[in-house]
Amino acid sequence: MVRKVASLVVLGVLASVLTASQIAARAGDASPATGSAPPLREVVGGDLAPEGRFPWMVRLSMGCGGALTAPRVVLTAGHCVSGSGEDDSIGVVAGVTNLKSTEAIEARSVSVIRADGFRGETYGDDWALIRLDRDIDLPLLELSHGGSDEKGPMTVLGWGQTSENALRQEKRLRYASVPVVADGDCAKAYDKVGVELVKEESICAGKRGVDTCQGDSGGPMVRKAGGRWVQVGIVSWGLGCARKGYPGVYTQVSTFRADIRAATRRLS
Ligand code: ARG
């Protein structure tokens, strides 16, 4: 009981850390598509993405990333949207690494399907699909089947913060390579701060100094398999960013592959 209360307190603190920084990240770049000079932030420990290397990557106006899974459908995190149903509030920028580029392709949301079981980013089911108001003619990102796709270094990318406390005015996409961390090790780390990892629905990756961060949520974690990119994860949560012993936690795409595909068909 005492232990339970203690872990609830820690969880409360952690939840507020996550939310406070998240809100800061969201508030800071609420409208990248409207040209109002918002502060935009990026992956920790990464490099600038070359134009054209990640053509399916998109930026969402609430301050999240996403990936094109169909010409009219973007896959993102459940915690990036407010629920399922009609929703024309989300602006989408695609086809560029620099959000200010005149080449940017812009679209708007029409409706959203959020995973039925979603309760909060640390509880699993952290995925959602957004239907757009137009087709975007760019390469699509395939969903991983799991297995060997989930081994080896992963590529993560986004326009999120470059460090836990950074408030940098940046607008260019960054990417980094991160090692996968075994579920058991990841669960042990987060258990110390009172958060129970939902192992079957999560895949952890990252190391000290290299991680995703606030503002990267919803973006894909990918791996190149047989010359094609496949999406293995969706940026979900972490304790701070790039801290030693606390990897980033990603929604495990293979677990939800069938559900995501069925929902994509409904939106296409
Ligand atoms: N929840 C954050 C967001 O909304 C993403 C956090 C990822 N954190 C990490 N350490 N990998 O942007």
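Placed above this text is the structure.
A few points on the structure. As the structure is a computational prediction, the values presented were derived from the model and not from experiment. For every chain, the first residue of its written sequence is number 1, and the numbers climb from 1 along that sequence. Predicted model: local features are reported for residues with pLDDT of at least 70 only, side-chain atom pairs are reported and counted for 80 or more only, and whole-chain, interface and lining totals are derived from all residues. To obtain the side-chain values, all non-hydrogen atoms of the structure were included, while hydrogens and water were left out.

Focus on the state of the cysteines
Inference 1: By disulfide we mean two sulfur atoms from cysteines, separated by a distance within 2.5 Å. For the structure shown, the criterion picks out three disulfides.
Inference 2: Each disulfide pairs two cysteine sulfurs, and for Cys 186 the partner residue is Cys 204, the sulfurs being separated by 2.0 Å. What sets the handedness of the Cys 186 and Cys 204 disulfide is the S-S torsion sign, and at about -80° it is left-handed. Placement of the pair is Cys 186 in helix H2 (residues 183-191) and Cys 204 in strand E13 (residues 202-205), with a sequence separation of 18 residues. Exposure class is identical for Cys 186 and Cys 204. Each is buried.
Inference 3: Shown here is the disulfide that connects Cys 213 with Cys 241, its sulfur atoms set 2.0 Å apart. Residues Cys 213 and Cys 241 share a disulfide whose torsion about the S-S bond is about 85°; that sign makes it right-handed. Only runs of H or I of at least four residues qualify as helices and only runs of E of at least two qualify as strands under DSSP, and these elements are numbered from the N terminus. Buried, partly exposed and exposed residues are distinguished by accessible area as a fraction of the type maximum, computed with a 1.4 Å probe on protein chains only: under 20%, between the cut-offs, and over 50%, respectively.

Thoughts on empty space enclosed by the protein
Empty space among the atoms becomes apparent when a probe as large as a water molecule is rolled across them.
Inference 1: In this analysis the probe radius is 1.4 Å and the grid spacing 1 Å, with only protein atoms considered; a cavity is a set of points the probe fits into but cannot get out of, a pocket is an open set with protein on both sides within 12 Å along at least five of seven lines, and lining residues have an atom within 4 Å of a point. Grid points are joined across faces, edges and corners, and a volume is the space filled by probe spheres set on the points. Inspection of the entire model under this criterion finds two cavities of 30 Å³ or more.
Inference 2: Here the second largest cavity defines a volume of roughly 60 Å³.
Inference 3: In this structure, the second largest cavity is lined by 15 residues; those nearest its centre are Glu 121, Gly 124, Ser 202, Ser 236 and Trp 237.
Inference 4: Secondary-structure elements contributing two or more residues to the lining of the second largest cavity are strand E15 (228-237) and strand E16 (248-252).
Inference 5: With three residues, E16 is the single largest residue contributor to the lining of the second largest cavity.
Inference 6: Here the term charged refers only to Asp, Glu, Lys and Arg, the term nonpolar to Ala, Val, Leu, Ile, Met, Phe, Trp, Tyr, Cys and Pro, and the term polar to all other amino acids, Gly among them. Its residues assigned to classes, the lining of the second largest cavity shows six nonpolar, five polar and four charged.

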